[in-house]
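Secondary and tertiary structure notes
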Amino acid sequence: MNDASRKVRNVYFVLELFVWLPTSLIVGINTLFLLDGGLSNVEAFAANAFYTIGLVVFELPTGIVADTWGRRTSFLLGAAIQLVGNLLYVAMWYFHAPFFGWAIASVLLGLGYTFFSGALEAWLVDSLKHTKYEGELDPIFAKGQIITGAAMLAGTVAGAFIAQLTSFGVPYLVRAGLQLLSFVVAFVIMKEVAFTRSKTRLSTQIKQLGHAAWKYGLTNRPVRWTLLAAPFVMGTGIYGFYAAQPYLLQLFGDKQAIGIAGIAATVIAGTQIAGGFAVPFIRRRFRRRTHILIASAVLTVVSLALIGLIQNFYVVVGLLIVWALATAASTPVRQAYLNSLIPSEQRATVLSFDSMVSSCGGVAFQPVLGWVADTVGYAMSYLASAAIAFVSLPFLIAARRENVREDFFTDEADSTRGASPTP
């Protein structure tokens, strides 16, 4: 890796840190924060669903912003909107606002995140190509995940215990300060070295990019199967993560032990680090990227089912670790797989489209699973989550059957050079 590519990579790592450190302060207590703000279980998960509605509605338009006005512009808009949405969340909690206020704040937070998703990843890949980087992306995404995990590990522990020592609102105020700092850092160090603003009329650009999202997304067969699997894994994953907070408190037997609720987020953070370190080892054990995605989905289904069946605090913590580790180890592989199948000009748009499709699972499944938890308990809601996650497997198997060159790791790809992505 040359010096210019190394600089791009390091800037990406710093920006990843400033995306996830503020977020990590609240992810371990978010469900408890919503319940403390006066919402029921159904309303709390419905508020989370409105966040994902924001992702679904705005993912593609903000991807177009990144592809037309620049990845840096998109990132800065995301940082600013997330700050406003976070402060509005604190206001909703403080005044015990009615549900529609929470819904508006959640959609705004979702809008802010959509400016991040796709834009930063597209900036990295295009900037690396501009600086003549010819290596694979899996190791860079894996190292980025290690940094993300370290940030989340520190933030989730800090956020849970800040809430226990003060109140649920204080971690959100600390988050606001970090969000402001992330805006300043990105403004200073993020440079557009590979992006050229198009002079085409905006309406024409929107039409072209919308067509590109369709062409290189759903009509690109290996991408299509990977995208269609995502709602069933990601939708239940979002629910399973946030439901673990009150579920662990219930199993622990002390609903005032807020620090225990942070265990779920801490587990996720720790496995992000372990998963990043595991990628080189996993690459040597598997020939194909889709094999890793299928194995991860199987472990997800089994773990969710056992979390519902074995209602023991320590066993459930162990199963959360297995589930999170499987997801963490497969994420950089999935990122590299999709990026290798998408042209540079449409990368941010298609990646945003991927995030939008994934978020549809959260919109559809969170309120339903929240209702199951309210009606028959958290354990049954995890069993329902396992059944939903199982639906992802046929799509991932279909992606494997496409047998595209990009599915194979480098040494295997050399022997399948004749294959190409199906249009």
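Residues numbered from 1 in each chain as written. Predicted model: local features only at pLDDT ≥ 70, side-chain atom pairs only at ≥ 80, totals over all residues. Heavy atoms only, no water.

With respect to the overall build of the protein chain
- Scanning the protein chain from terminus to terminus reveals 17 helices and zero strands.
- The globule rule puts the C-alpha radius of gyration for 423 residues at 22 Å, and the 21 Å found for the protein chain is close to it.
- Projecting the C-alpha coordinates of the protein chain onto the three principal axes gives extents of approximately 60 × 40 × 40 Å.
- Looking at the protein chain alone, contacts between residues at least 24 apart form 85% of all its contacts between residues at least 6 apart. (Helix = DSSP H or I, 4+ residues; strand = E, 2+ residues; numbered from the N terminus. Rg over C-alpha atoms; globule rule 2.2 N^0.38 Å. Contact = heavy atoms within 4.5 Å.)

Let's talk about unusual backbone geometry
- At Lys-132, a residue that is not glycine, the phi angle is positive and equals roughly 70°.
- Even without a glycine there, the phi angle at Asn-403 is positive, about 55°.
- Mapping Asn-403 onto the fold places it in the loop between helix 16 (392-401) and helix 17 (410-413).

A closer look at the side chain of Ser-381
- Within the secondary structure, Ser-381 is located in helix 15 (residues 378-390).
- Judged by relative accessible area, which is 0%, Ser-381 ranks as buried.
- Those residues in contact with Ser-381, other than ones at most four positions away along the chain, are Tyr-239, Leu-369, Val-372 and Ala-373. (Buried < 20%, exposed > 50% of the residue type's maximum accessible area, 1.4 Å probe, protein only.)

Topic: the pattern of salt bridges
- Throughout the structure, instances matching the rule amount to ten salt bridges.
- Close ionic contact of Asp-407 with Arg-288 constitutes a salt bridge, the shortest N to O distance being 2.8 Å. Highlighted residues: Asp-407 in the loop between helix 16 and helix 17 and Arg-288 in the loop between helix 11 (258-285) and helix 12 (289-309), separated in sequence by 119 residues. Neither Asp-407 nor Arg-288 differs from the other in exposure class; each is buried.
- When the shortest N-O distance is used, the salt bridge between Glu-406 and Arg-405 registers 3.4 Å.
- Taking the relative accessible area as the measure of exposure, Glu-406 reaches 10% and is therefore buried.
- Each of Glu-136, Asp-138, Arg-283 and Arg-289 takes part in salt bridges that share partners, so that together they form one network. (Salt bridge = Lys/Arg side-chain N within 4 Å of Asp/Glu carboxyl O.)

Looking at the confidence of the model for the protein chain
- Overall, the prediction assigns the protein chain a mean pLDDT of 86, with 92% of residues at 70 or greater.
- Taken element by element, the predicted model of the protein chain shows its lowest mean pLDDT in helix 17 (52) and its highest in helix 15 (96).
- Below a pLDDT of 50 lies the segment residues 412-423, which in the model reaches 22 contacts outside its immediate sequence neighbourhood of four places, other chains included. (pLDDT = per-residue confidence, 0-100.)

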